[in-house]
Structure formats: C-alpha cells, structure tokens
Amino acid sequence: MLKTDLCGVSLKNPVIAASGTFGFGREFEPYLDLNALGGISTKGLTYHSKQGNTGQRIHETAAGIMNSIGLQNPSVKSFIENDLPFMKNFESEIIVNLGGNNIDDYVNGALLLEDTDINIIELNISCPNVKEGGMAFGIKCESAFYVVSEIKKVSSKKIMVKLSPNADDLVRVATECERAGADALSLVNTFNALAIDIKRRKAVFDNITAGLSGPCIKPIALRMVRDVYKSVSIPVVGMGGIMNAADAIEFIMAGSTAIQVGTANFINPKVMIEIIQGMEEFMENEGIKNLDEIKGII
Ligand SMILES: Cc1cc2nc3c(=O)[nH]c(=O)nc-3n(C[C@H](O)[C@H](O)[C@H](O)COP(=O)(O)O)c2cc1C
C-alpha cells in the first residue's frame, strides 16, 4: 500500500531515517526491525574522516534541538569497508549522504561510491555546522549548480540534492539543481540558529550558531517543501519536525514523494515504525489506495 517510487528506485514505504540522526542503523537495531524502513540515509560522509566540532554539540530548545556535530564521520572509504556490509544485511534502501569541504572532496567521494551497488547519493550541500564547504555550496544558485553538475559527470548513481532552508533563494537553488541534472531533491536541512548561556555570557556553541531541527521547524519546512514541489518536475523528499504519521501525511500533501524522520528518533527509537503503521491506518480509514492520490494536493 505504501510502496513508493523515488526517481526510479522502489522503496517499500516512503519513510526514511534522516541523515545524522540514525548513524548507520547499528545503535537502533535492538529497538526496531531495520527491514521495515523505506530507507536509511547514512550519517553525512566526507572523503577524509572528520572529528567534528569542539564544545557542546546538542542543545535542547522549547520545541526542538540545536546541533553542531560538524559532520563527524569515519570517511567514505571506511564506511564502504566497515559499515556498508552491515547495512546491506537489511532490505531498506541505503542512501549515502555525501558532504565535502570543496569540489574535489565531493567528486572523490562520489568516485569511491561508484564501486558500490548503492542506488542513491544524497548530496549534502546544506550542512550549517562546518567552516568550509557544506552549506556554502547550497545557499547560492551558482555553486549549487556547479557541484551538482560536476557530480553528475562522474557518478552513475541517482543524485538527490539536500537543500538548505538558509538558501538565499530556495526555489531558485532547487530549479538550478534540477537544471544541473539532480534526480530528486530533499529538504530541509537544519535552520541556522543561536542559543545563549546567559550565566557564562557566551553562545552555547563554540561556532556561535548551530542547526535547529524538530517540531518547531515543521510549519516552515512544510511551506518550503510545497514551494519547491510547485517549481520542479523531479521528486521531492520532505522533512523537518515529523513526529508522527499525521505530520508525515502533511508532508505528502505538500508534495513529498517520500519523507525523512530525524529528531523524533532521539525521543522514541521506534517512531518510524509507528509512522509507517499510522500512515497505513490513515489510508485505510480514508479509502486512499495510493499516496499519489494525496501527493501535492495543497
Ligand atoms: C544531530 C543531527 C545531525 C545531523 N547530521 C546531518 C548530516 O550529517 N547530514 C545531513 O544532511 N543532515 C544532517 N542533519 C539534518 C537532518 O537530517 C534533518 O535534515 C533535520 O534534522 C530536519 O529534520 P528533523 O526536524 O526531523 O530532525 C542532522 C540533524 C541532527 C539533529
């Protein structure tokens, strides 16, 4: 009932674990059946391994969290050798989230992935927590077009570009990514935000700003997903504060082909299973046979 086609790749359902909130699935394996998920987007990987940022990395806000992980990861090569074999034990689609400090990093990472049988690369041009690269590529149309077209030259994989809500002009960045050959778009990454420790009279995070996610961003993310959906012809994967099945359905109605769940995993590790079941129940109760019946109806 929930079977979904995402740019030619068949997902058993549209529920995908969002990058950076599910690792490579290992820590979650005791709590849920990893086979049940539509897909898992890996922690953001870079060509060279990264230690991540110093200081506080997570901060809770009234209705969300802020993070400044700084793309800590073991490198694409280490992932292929040590983590991909584990992930391949499961049926869920493996989506590799690929970041970079510069264009060579992105291209070299994509080249290493050519030798694997993964289908989809989620090109992360939207990480707000790194000094070089990351979001710098995703907030301007020209650099977004450039990085996507360079990756398309060297990669035979489906390229899903992850957009930043902090972009100068999100809809234009989206249309430029499509023009550069993107096969799908995912949005949103975290919002640039600030938290202050008033006793220390300092910002909570060493980098001053950090990325905001969770329920507080949902209405804005939803509006952005609809704006982008209306402007492109490629599939859109929506995320931002999805906590339950009703939230997921809202994102489908705003134009999402599939959805990703991030922050909610930290509160309830089984939440994605509940969302899959809740979406099925909703469809049965409402007499909806296929998600296409409600996709983008707003
Ligand atoms: C702790 C943490 C780490 C994240 N790391 C990444 C990452 O490595 N790559 C990426 O594209 N997005 C990363 N994200 C962003 C999420 O994938 C997602 O876009 C964002 O959190 C919004 O969804 P949510 O509100 O459901 O969490 C991270 C988010 C959090 C909270």
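Higher on the page you've got the structure.
Keep in mind that what you see is a predicted model, and the values were worked out from it rather than measured.

A separate point is the sheet that holds strand S16 (residues 258-261). Pairing is parallel in the closed barrel, where eight strands are placed in the order S3-S4-S7-S8-S9-S10-S15-S16. Between one strand and the next, the sheet's axes are offset by a mean angle of 25°, whatever the strand orientation.

Close to the ligand lie 25 residues, the nearest being Ser19, Lys162, Gly214, Gly241 and Thr263. Within the contact set of the ligand, an oxygen atom lies 2.9 Å away from a backbone nitrogen or oxygen of Val188. Here an oxygen atom of the ligand sits 2.9 Å away from a polar atom, N or O, in the main chain of Gly214. Burial of the ligand by the protein amounts to 97% of the accessible area it has alone, namely 610 Å². Taken atom by atom, the bulk of the ligand overlaps the largest pocket. Grouping the constituent residues of the shell around the ligand by class yields eight nonpolar, 15 polar and two charged.

Let us now look at the layout of surface pockets. Taken as a whole, the largest pocket encloses approximately 520 Å³ of empty space. As for the largest pocket, its lining consists of 35 residues, of which Ser19, Thr21, Asn67, Asn189 and Thr190 are closest to the centre. Every element with two or more residues in the lining of the largest pocket is listed here: strand S6 (64-67), S16 and helix H7 (264-267). Residue composition of the lining of the largest pocket, grouped by class: 15 nonpolar, 18 polar and two charged.

What counts and how
- One numbering rule holds for all chains: residues counted from 1, following each sequence as written.
- Local features in this predicted model are restricted to residues of pLDDT 70 or higher, and side-chain atom pairs are both shown and tallied only at a pLDDT of 80 or more, whereas totals for entire chains, interfaces and linings draw on every residue.
- The side-chain values count all of the structure's non-hydrogen atoms but skip hydrogen atoms and water molecules.
- Criterion used throughout: strands pair if DSSP finds at least two bridges between them.
- Each helix is a run of DSSP H or I of at least 4 residues and each strand a run of E of at least 2, with the numbering of both proceeding from the N terminus.
- Between N-to-C directions, angles cover 0 to 180 degrees, with each direction set by a line fitted to C-alpha atoms, over the stretch in contact for helices.
- We call a residue near a molecule or strand when any one of its heavy atoms sits within 4 Å of it.
- As used in this structure description, the phrase polar contact means that two N or O atoms lie within 3.5 Å; if the pair is within protein, one of them must be able to donate a hydrogen and the other to accept it, and residues adjacent in sequence are counted only when both atoms belong to side chains.
- Here the open area of atoms and residues is found with the Shrake-Rupley method and a 1.4 Å probe, where only the protein chains shown may cover a residue.
- The method works on a 1 Å grid over the protein atoms by themselves. A cavity is a set of points holding a 1.4 Å probe that cannot get out, a pocket is an open set with protein on both sides within 12 Å along at least five of seven lines, and residues with an atom within 4 Å of a point line them.
- Any molecule with more than half of its atoms within 2 Å of a cavity's or pocket's grid points is counted as sitting in it.
- Any residue that is not Ala, Val, Leu, Ile, Met, Phe, Trp, Tyr, Cys, Pro, Asp, Glu, Lys or Arg is counted as polar, Gly included; the first ten are nonpolar and the last four charged.
- Grid points are joined across faces, edges and corners, and a volume is the space filled by probe spheres set on the points.

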